[in-house]
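# A look at the structure
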Amino acid sequence: MIPNPAFDTETTDPVAAPDDVLHEPRLWRDNGWTAKVIKNEDDDGWAVAMYLAGQSEPALVGPWTMGRNKKDPKPLDTGAFNTLVKTASEVIRRHEQQLRAQLHKEIRVDTAEQRILVSLDIVPDEDHPYALLAAVDSSTDEALAQLRVSPTFKLTRTSAEAWVASGFTSVGRARDD
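Within each chain, residues carry numbers counting from 1 in the order of the written sequence. Reporting in this predicted model follows two pLDDT cut-offs: at least 70 for local features of residues, and 80 or more for side-chain atom pairs to be given and counted; totals over whole chains, interfaces and linings ignore these cut-offs and use all residues. The side-chain numbers reported here are obtained from all heavy atoms of the structure, hydrogens and water having been left aside.

For the rest of this paragraph, the subject is the overall build of the protein chain. Helix and strand counts for the protein chain come out as 2 helices and 9 strands. Counting from the amino terminus, the protein chain carries its helices and strands in the arrangement β-β-β-β-β-α-β-β-β-β-α. Three labels apply to residues, based on accessible area from a 1.4 Å probe with only protein chains included: buried if under 20% of the type maximum, exposed if over 50%, partly exposed otherwise in between. Per-residue burial over the protein chain gives 32% buried out of 177 residues. Throughout, a residue-residue contact means that at least one pair of heavy atoms, one from each residue, lies within 4.5 Å. Once local pairs closer than 6 in sequence are excluded, the contacts in the protein chain between residues at least 24 apart make up 32%. Carbon together with sulfur atoms contributes 50% to the accessible area of the protein chain, which is approximately 11,700 Å² in total. Secondary structure follows DSSP: runs of H or I at least 4 residues long count as helices, runs of E at least 2 residues long count as strands, and numbering of each begins at the N terminus. The accessible surface values rely on the Shrake-Rupley method and a 1.4 Å probe; as for residues, cover is taken only from the protein chains in view.

Here it is, written out as structure tokens:
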């Protein structure tokens, strides 16, 4: 018997061009997503891995239903694929939100003259990570100051108020020289 490459989980490339369309029982590719049914290594069941086009790692891996014979996996279909795409998209969206929350902080500081938005954006460069401390006039969106600081700089209400009060010249110990 000649093996069908769509069923061969060892040689089938789950990461293909976004415009490739393939609808096989264990491999669906459509709209930039690939669903690949794989043998679950932890038990006798099956799992499904969802890949976004261009990504080598799956965005989502979850259990997959057994077929009627209780041995082979249930084939993929349009409804299941669409549900998997929606779930995997949500996982990616939440991951991006979490990463943004870790790398970006904002604090509003009120002075007698204006309300200032002080932000800290961490740039996680592999060799030379740093952070940018910035101040913007909230009413005019005018940039007031920007300073490169250590990625370990802690933006707190106290540190933001101190930076504004110093005329944007001193950020204390965490300053990058």
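Resuming the write-up.
Moving on to a negative patch on the surface. The patches described consist of residues with a relative accessible area above 30% and no salt bridge, like charges being joined within 9 Å and nonpolar side chains (Val, Leu, Ile, Met, Phe, Trp, Tyr) within 5 Å. For this analysis, a salt bridge means a side-chain nitrogen from Lys or Arg found within 4 Å of a carboxyl oxygen belonging to Asp or Glu. Asp and Glu are treated as the negative residues and Lys and Arg as the positive ones, with His and the ends of the chain left uncounted. Every charge is mapped to an atom, namely NZ of Lys, CZ of Arg, CG of Asp or CD of Glu. A cluster of acidic residues, Glu41, Asp42, Asp43 and Asp44, forms a negative patch on the protein surface. Among the structural elements, aspartate 44 can be located in the loop between β3 (33-39) and β4 (46-52).

This part is about the pattern of salt bridges. Under the definition given, this model contains 4 salt bridges. The salt bridge involving arginine 26 is made with aspartate 72; its shortest N-O contact spans 3.9 Å. Placement of the pair is arginine 26 in the loop between β1 (22-23) and β2 (27-30) and aspartate 72 in the loop between β5 (60-64) and α1 (78-103), with a sequence separation of 46 residues. Linking arginine 94 and glutamate 90 is a salt bridge whose minimum nitrogen-to-oxygen distance equals 3.0 Å. Residue arginine 94 and its partner glutamate 90 are both found in helix α1; the two are separated by 4 residues, about one turn of the helix. Here arginine 94 falls in the exposed class, since its relative accessible area comes to 54%.

Time to look at the sheet that holds strand β7 (residues 115-123). Two strands are said to pair when DSSP picks up at least two bridges between them. Read from one edge to the other, the open sheet built from 4 strands follows the order β6-β7-β8-β9, with strand pairing classed as antiparallel. Whereas interior strands pair on both sides, the edge strands pair on one side only; in this sheet they are β6 (104-110) and β9 (143-149). Neighbour-to-neighbour, the strand axes of the sheet open up by a mean angle of 15°, direction not taken into account. Relative to β7, β6 runs antiparallel, the two being bridged by 7 bridges. Bridged to lysine 105 within β7 is leucine 120. α1 contacts β6 and β7 of the sheet and is inclined by roughly 50° relative to β6. The convention used is that axes are lines fitted to C-alpha atoms, helices contributing only their stretch in contact, and that angles between N-to-C directions extend from 0 to 180 degrees. In the packing of helix α2 (residues 157-165) onto the sheet, the strands contacted are β6, β7, β8 (130-137) and β9, and the crossing angle to β6 comes to about 60°.

Pairing is antiparallel in the open sheet, where 5 strands are placed in the order β1-β2-β3-β4-β5. Strands at the two margins of the open sheet, each flanked by one partner only, are β1 and β5. Pairing between β1 and β2: 2 bridges, direction antiparallel. Paired with histidine 23 across the strands is tryptophan 28, a residue of β2. Along the sheet, α1 contacts β2, β3, β4 and β5; its crossing angle with β3, the most-contacted strand, is approximately 105°.

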